[in-house]
Amino acid sequence: MNWRDGFTIPTSNLYPFQWNWDSGFIALGHYYANPAHAMRELDSLFSGQWENGLVPHIIFHSEHEETYFPNFDFWHSNVNPGAPARPKSSGITQPAVHGFILENLLDKSPDDQDLLAFAKSLFPKIVNYHRFLYDYRDPHKEGLMFIFHPWESGRDNSPLWDESLERIQIKPGDLPAYQRLDTNIADPAERPTAEQYDRYVYLLLMGQRHRYDGPGIAEESPFLVQDDMMNAILIKSNESLIRLGKRLKLDTAELEEWQAQSMKSFKEKFWNDDLQMYTSYDLRGEKQIAMKEIGGIIPLYAGIPSQEKAAALNNHLQELHASGYYLCPSFDVQSPAFDSCRYWRGPVWPHMNWMIYHGLKQYGFQDTAQIVKADTFEIVDKYGFFEYYEPEKGLAQSLKKAYGGANFSWTASSVIDLIHNP
Ligand code: GLC
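Here the structure is a predicted model, which means the values were calculated and not measured. (Residues numbered from 1 in each chain as written. Predicted model: local features only at pLDDT ≥ 70, side-chain atom pairs only at ≥ 80, totals over all residues. Heavy atoms only, no water.)

Draft legend 1. A look at the packing of aromatic side chains. One pass over the full model with this rule turns up 37 aromatic pairs. On the basis of an interplanar angle of 75° and a centroid distance of 4.7 Å, the ring pair of Phe17 and Phe60 is categorised as edge-to-face. Within this pair, whereas Phe17 is found in the segment before β1 (18-19), its partner Phe60 is found in strand β2 (residues 58-60), the two being separated by 43 residues in sequence. There is no split in this pair, since Phe17 and Phe60 are both buried. Arranged with centres 5.6 Å apart and planes meeting at 55°, the rings of Tyr343 and Tyr388 form a pair that is tilted. (Phe/Tyr/Trp six-rings, centres within 6.5 Å; stacked < 30°, edge-to-face > 60°. Helix = DSSP H or I, 4+ residues; strand = E, 2+ residues; numbered from the N terminus. Buried < 20%, exposed > 50% of the residue type's maximum accessible area, 1.4 Å probe, protein only.)

Draft legend 2. Representation of the site of the ligand. In the vicinity of the ligand, 13 residues are found, and the nearest of them are Trp21, Asp22, Gly154, Asp156 and Trp344. The contact in question runs from an oxygen atom of the ligand to an N or O atom on the side chain of Asp22, over 2.6 Å. Split by residue class, the shell around the ligand holds 8 nonpolar, 2 polar and 3 charged. (Near = heavy atom within 4 Å. Polar contact = N/O pair within 3.5 Å; in protein donor to acceptor, adjacent residues only side chain to side chain. Nonpolar A, V, L, I, M, F, W, Y, C, P; charged D, E, K, R; others polar.)

Draft legend 3. Local environment of the environment of Ala189. Inspection of the secondary structure assignment puts Ala189 in the loop between α7 (182-185) and α8 (194-209). For the pair Ala189 and Tyr343, spaced 154 residues apart in sequence, the C-alpha to C-alpha distance is 9.3 Å. Setting aside anything within four residues of it in sequence, one finds Ala189 in contact with Cys341 and Arg342. (Contact = heavy atoms within 4.5 Å.)

Listed below in structure tokens is the structure:
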């Protein structure tokens, strides 16, 4: 239903274009029905790659769609001469999942000649993307990339970003008039607030003034964060690309250098002993963002924690399970900022569960992995393929549906792939 001749939309109406990290997970699902579509999906995404290596967070293949804001005519990606004229795109990025997705596809069919040829052609493009992240998003050369817009994190309205966003004070007349369209389609109670939205627009326009890649972004942006999940995913993809490169006899020296430095800095900078969890780092405020949030669990999937730290993350999940929550709520259920139905402030997201499931398995936490999988199946079975789900089991009982968009592509893909993973 969501296939659009070469790429897959996340869901109709709400997200009518191609989204960066969605496409990665979506490729996994396509693989079982039609491997050619899995490859097309990724090819289409990388057809929007910029000369500087950026893979944008949205690719506007279908320019006639008018149900989305901010559309390509608001992003004006042509302020950067290296942005392709077509397909049009946004000017920010999203989590770099493509390295590990590509390896996962090849693991499913190691001798498939079409897939091998495809992997050889995609490999340098993904490396180029990682090079962009290290060259343009790591001003202190720590091996850790920053984001300058919450939408880059993939966890758009997480409470993690609240303090940084509050630095942005918007006065009347500061922003051009705009009309958001998401709240016409989805319930406003499940979407970001108007004030939050103004700040998103502010940061977008700030990026635009700097052609979306200029050094002025790091100097000026009130929102400048090294996100734990984005960096964990980058590390995971580096590792996959190194293994793949060796398998395909391609050069991996540069990747190995990045990887060593990223691993080291990640371990030094992001662990929080009080929380017993990883945290993101606010580069502008020069401090950890000390909150328990789902991104702090994803390093499991990247093999970053020691066995002891992994056990702390596992305990955290077991406690949530014992207290009547579906795994894994996207935000700290004890926090006043927790909001069980609002987007990234509490609900469960199946593609996040996919990564956490694999991370738990890698560390030998079979029980918890099986709970994550069983919970995912239970909520999807009950409500269908939604965007996100109520985490409080008691409350979920009384609901007839889940949250956000319906018939959601990466939800379906993650479930299909989990079905194939014992
Ligand atoms: C929302 C999510 C983002 C996702 C997009 C498309 O913006 O926060 O992570 O990529 O929807 O599904």
